[in-house]
Amino acid sequence: MSNFYVADLVDVTINISLTVEETHLTNGQPDQFRTYFEVENFTPHRVLVMEQRMPWSIAVPADSLLSNSKVRGYLFHPGKLITDSIAPGKKPESVKRSLQILIQGTDARSYSHFVIQKTMQIDEQNGAEYKLHLHKGAFKSLPLHIEKAEDIEQYV
């Protein structure tokens, strides 16, 4: 996450959900549904002041036990087959997982509120074929200033 605006951003909050999209065959027809899991064990949940051209890393654990009102004990473990996390007896044709990230805050110069939604593809499985979309990142020492938005990739 980076601030490439001309003003500092204040009281920035982040919410993250894991989306699991399964496709099953019902009477030969594809049937899709999504399950959402709130991710609580990530950092930071809140950034008080985000300076201009200042990046912040969001760290989501890659090995978590998640739950919602319908599914208890969903193992989120990127790098392993997604079907290992699915309840016994279910055999989806394909599964895709992504993180839905909602970033909210206030622009310090204009006092206007902003909301930004981002989707980050995690992994997908089609039959026995598994594909991981993530790459490993690393934290960098702050303060770190990035002059151009397109240069962000060298820091993640």
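The structure under discussion appears in the preceding block.
Remember, predicted model here, so these are calculated numbers, not experimental data. (Residues numbered from 1 in each chain as written. Predicted model: local features only at pLDDT ≥ 70, side-chain atom pairs only at ≥ 80, totals over all residues. Heavy atoms only, no water.)

Description of the environment of His 133
Secondary-structure assignment places His 133 in the segment after strand 8 (129–132). Along the primary structure His 133 and Met 120 are separated by 13 residues, whereas in three dimensions their C-alpha atoms are 8.9 Å apart. With near-sequence residues (within four places) excluded, His 133 lies in contact with Gln 121, Ile 122, Asp 123 and Glu 124. Polar contacts involving the side chain of His 133 include one to the side chain of Glu 124, which spans 2.7 Å. (Helix = DSSP H or I, 4+ residues; strand = E, 2+ residues; numbered from the N terminus. Contact = heavy atoms within 4.5 Å. Polar contact = N/O pair within 3.5 Å; in protein donor to acceptor, adjacent residues only side chain to side chain.)

Some details on the packing of aromatic side chains
Summed over all chains, the structure comprises 1 aromatic pair. Aromatic pair Phe 37 and Tyr 74: ring centres 4.7 Å apart, planes at 20°, arrangement stacked. Linking Phe 37 in strand 2 (residues 29–39) with Tyr 74 in strand 5 (residues 74–76), this pair joins segments that are 37 residues apart in sequence. Each member of the pair, Phe 37 as well as Tyr 74, is classed as buried. (Phe/Tyr/Trp six-rings, centres within 6.5 Å; stacked < 30°, edge-to-face > 60°. Buried < 20%, exposed > 50% of the residue type's maximum accessible area, 1.4 Å probe, protein only.)

Details of the pairing of strand 2
Relative to strand 2, strand 1 (residues 9–26) is paired through 11 bridges, and the arrangement is antiparallel. In the sheet register, Thr 19 faces strand 2, and the bridge partner there is Tyr 36. Hairpin connection of strand 1 to strand 2: 2 residues between the antiparallel strands, including Asn 27 at a positive phi of 55°. (Pairing = 2+ DSSP bridges.)

A short note on the environment of Thr 35
Tracing the backbone shows Thr 35 in strand 2. Residue classification places Thr 35 among the buried positions, given a relative accessible area of 13%. Placed 62 residues apart in sequence, Thr 35 and Arg 97 show a C-alpha to C-alpha distance of 9.6 Å. Excluding residues within four positions of it along the chain, Thr 35 makes contact with Leu 18, Thr 19, Val 20, Asn 68 and Val 71.

Thoughts on the side chain of His 24
You can see His 24 is positioned in strand 1. Residue His 24 is classed as buried on the basis of its relative accessible area of 14%. Excluding its chain neighbours within four sequence positions, the residues that come into contact with His 24 are Gln 29, Pro 30, Asp 31, Phe 33, Lys 90, Lys 91, Pro 92 and Glu 93.

Topic: the side chain of Asp 123
Mapped onto the elements, Asp 123 comes out in strand 7 (residues 113–126). Within the structure, the side chain of Asp 123 is placed 2.7 Å from the side chain of Arg 97, a separation counted as a polar contact. In terms of polar contacts, Asp 123 uses its side chain to reach the side chain of Tyr 130, at 2.7 Å. Aside from chain neighbours lying at most four places away, what touches Asp 123 is Pro 78, Gly 79, Lys 80, Ile 82, Val 95, Lys 96, Arg 97, Tyr 130, Lys 131, Leu 132 and His 133.

Remarks on the pattern of salt bridges
In total, this model carries 3 salt bridges according to the counting rule given. Of the charged contacts, one joins Arg 34 and Glu 21 as a salt bridge, the two residues approaching to 2.9 Å between their closest N and O atoms. On the criterion of sequence distance, the pair formed by Arg 34 in strand 2 and Glu 21 in strand 1 is long-range, its members being 13 residues apart. (Salt bridge = Lys/Arg side-chain N within 4 Å of Asp/Glu carboxyl O.)

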